[in-house]
Amino acid sequence: MFYKSTRNSGLKVSSAQAIAQGISEDGGLFVPEEIPAITMEEIKSVGDMSYAEGAAFIFSKLLTDFTEAELKYCTESAYTDKKFATADITEISHLFDGTYVLELWHGPTCAFKDMALQILPYLLTTSLKKLDVHKKVVILVATSGDTGKAALEGFADVEGTAIMVFYPQDGVSDMQKRQMTTQDGGNVTVCALKGNFDDCQNGVKAIFTDDDIKNKLENGGMMFSSANSINWGRLAPQIIYYISAYSRLMKDGEIKEGEKINIVVPTGNFGNILAAYYAKRMGLPVNMLICASNANNVLTDFINTGVYDRNRDFITTISPSMDILISSNLERLLYILSGENDGLIKEWFGELAKSGRYEVTEDVKKQLSENFKAGCCDDERTKATIKAVYDKYS
Ligand SMILES: *Cc1c(COP(=O)(O)O)cnc(C)c1O
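Criteria and thresholds
Residues numbered from 1 in each chain as written. Predicted model: local features only at pLDDT ≥ 70, side-chain atom pairs only at ≥ 80, totals over all residues. Heavy atoms only, no water. Polar contact = N/O pair within 3.5 Å; in protein donor to acceptor, adjacent residues only side chain to side chain. Helix = DSSP H or I, 4+ residues; strand = E, 2+ residues; numbered from the N terminus. Near = heavy atom within 4 Å. Areas by Shrake-Rupley, 256 points an atom, 1.4 Å probe, with all protein chains shown as cover. Nonpolar A, V, L, I, M, F, W, Y, C, P; charged D, E, K, R; others polar. Domains from an automatic or database assignment. Contact = heavy atoms within 4.5 Å. Buried area = accessible area lost by both parts, 1.4 Å probe. Salt bridge = Lys/Arg side-chain N within 4 Å of Asp/Glu carboxyl O. Core = buried A, V, L, I, M, F, W, Y, C linked by side-chain atoms within 4.5 Å. Buried < 20%, exposed > 50% of the residue type's maximum accessible area, 1.4 Å probe, protein only. Axes fitted to C-alpha atoms, helices over the stretch in contact; angles between N-to-C directions. Parallel < 35°, antiparallel > 145°, perpendicular 65-115°, else oblique. Left-handed = near helix turned anticlockwise from the far one by under 90°.

## Considering helix α10 (residues 211-219)
- Capping the start of α10 is the job of one residue whose side-chain oxygen sits 2.9 Å from the backbone nitrogen of Asp212: Asp210.
- Within two residues after α10, Gly221 carries a phi angle of roughly 75 degrees, on the positive side.

Written out as structure tokens, the structure reads:
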């Protein structure tokens, strides 16, 4: 199976190439040319495997150019109890009637980003080997908080790589700042930026697509790649835990075989919820995907109206990982929902860059409303909800 660009459906690259490159030369994002299917029997079987085994099995459908041995090496290196505080890698806690919390925070940095960033360095270095590329990979990361530390931790002292993290100087929590600026490793650089996360992300994107810089790197035997969720190697690992959580709920008798579940995802760059959408398209019984936002509610409005409008104040909140006005991975979803219309995607994202606004077609609006619901809340309600859940359910 090949991968193509959301801005050029004619492009074809292997998954190794997509992961090594991070983003397509045309500025588009890599997407699988078709979404592989997973059967109920296969979903069930994942429940009997270790997390690493289940991951290797699901990856074999998505990264078809990787050998079984390569996938085994990547998943077993990442998903071990040497790195995660629980042998099952994730935990599911039962909150109340029919409501569960999938705990993705048992990795080394306490951020759910560890789920993908612990394995990305292995996927990336394996990809380079497969492609017979002997360059040093320079990872550029824009972070609104959690990604930076999780990426630094994943790549620290990984041979053949170097990593540079850019964060908004006033946009991350004190703990996140300290986690990043105290990172060990001979190949790590951390840089604070005057601006917000979107400025960081736009800056990184601009560096990526700058030919002069690219040539300079090439002459020095280096190449860029990305550890942000624009990289397919970040997204694919996130599909795994939705499937594994479903099969565990089924195995534990919490849900019936084939029962449809709703998934609520706190959303920023639209990576995590997009992975849930991919899981649904692969065949996981999912009813609604519920996109939860903080006071930066550009996605709430978009899902409810079909108009994406970033012309609004950027609000710094207590959930900085969700302080985002331009959600990169929405491009992948819209590419799928528009029937892989690369022309429309170029048009919409051109308008977004120019005027900060675009409106999708009636057909895309309909599909959005059939698959997604959206809501948002401010800091006060966030705190009140955390307190209420803690008081009631510990
Ligand atoms: C990264 C992150 C998010 C946002 O996830 P996206 O995949 O960017 O939508 C939300 N909450 C926390 C705690 C995060 O670390």
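Right, picking up where we left off after that structure.
## Structural notes on the site of the ligand
- If you check the shell around the ligand, you find Phe112, Lys113, Asp146, Pro266, Thr267, Gly268, Asn269, Phe270, Gly271, Asn272, Ser321 and Met322 and nothing else.
- The separation between an oxygen atom of the ligand and a polar main-chain atom of Gly268 is 2.7 Å.
- Interatomic distance of 2.8 Å between a backbone N/O atom of Asn269 and an oxygen atom of the ligand.
- If the ligand stood free it would expose 380 Å²; the protein chains cover 84% of that surface.
- Classifying every residue of the shell around the ligand gives four nonpolar, six polar and two charged.
- Residues lining the shell around the ligand come from more than one domain, with at least three contributed by each of domain 1 (3-226) and domain 2 (251-393).

## A short note on the domain arrangement of the protein chain
- Structurally, the protein chain comprises domain 1 (3-226) and domain 2 (251-393).
- Computed from C-alpha atoms alone, the centre-to-centre distance between domain 1 and domain 2 is 20 Å.
- In this complex, domain 1 contributes 43 residues to the contact, which on the side of domain 2 involves 33 residues.
- Of the roughly 3000 Å² buried where domain 1 meets domain 2, counting both sides, 55% is carbon and sulfur surface.
- Seen at the junction of domain 1 and domain 2, the total is four salt bridges.
- Across the pair Lys4 and Glu340 runs a salt bridge whose closest N-O atoms are separated by 2.6 Å.
- Run the count over domain 1 and domain 2 and you get 18 residue pairs in polar contact (both at pLDDT 80 or more).
- Put simply, the parts of the chain that give the side of domain 1 that touches domain 2 at least two residues each are β1 (3-5), β2 (8-13), β3 (30-32), α2 (40-46), α3 (51-62), β4 (91-96) and α9 (197-208).
- A total of five residues in the side of domain 1 that touches domain 2 trace back to one element, the largest contributor, which is α9.

## Describing the nonpolar core
- Grouped together as the largest cluster of nonpolar side chains are 102 residues, with contacts concentrated most on Leu63, Tyr79, Ile243, Leu334 and Tyr358.
- Broken down by element, this core gets its largest block of residues, 11 residues, from helix α11 (residues 232-251).
- Not counting residues within four places of it along the chain, the set of residues in contact with Leu334 comprises Phe302, Ile345, Trp348, Phe349, Tyr358, Val360 and Val364.
- Within the second largest apolar cluster, 14 residues are counted, among which are Ile23, Phe166, Phe197 and Val204.

## Quick notes on the side chain of Asn296
- Counting through the fold element by element, Asn296 comes out in the loop between β11 (286-293) and α13 (298-305).
- Engagement of the side chain of Asn296 in a polar contact is seen with the backbone oxygen of Ile315, the distance being 2.7 Å.
- Apart from the residues lying within four places of it in its own chain, the contact partners of Asn296 are Asp313, Phe314, Ile315, Thr317, Met322, Asp323, Ile324 and Leu325.

## Comments concerning the packing of helix α14 (residues 330-337) against helix α16 (residues 362-371)
- Two elements in contact, α14 and α16, have axes whose closest approach is 10 Å; the angle formed by their N-to-C orientations is 110 degrees. As judged from the angle between their axes, α14 and α16 are roughly perpendicular. Of the two elements, α14 crosses α16, and the hand of that crossing is right-handed. Contacts between α14 and α16 pair Leu333, Leu334 and Leu337 from the former with Asp363, Val364, Gln367 and Leu368 from the latter.
- Class assignment of the residues belonging to the contact of α14 with α16 gives a composition of five nonpolar, one polar and one charged.

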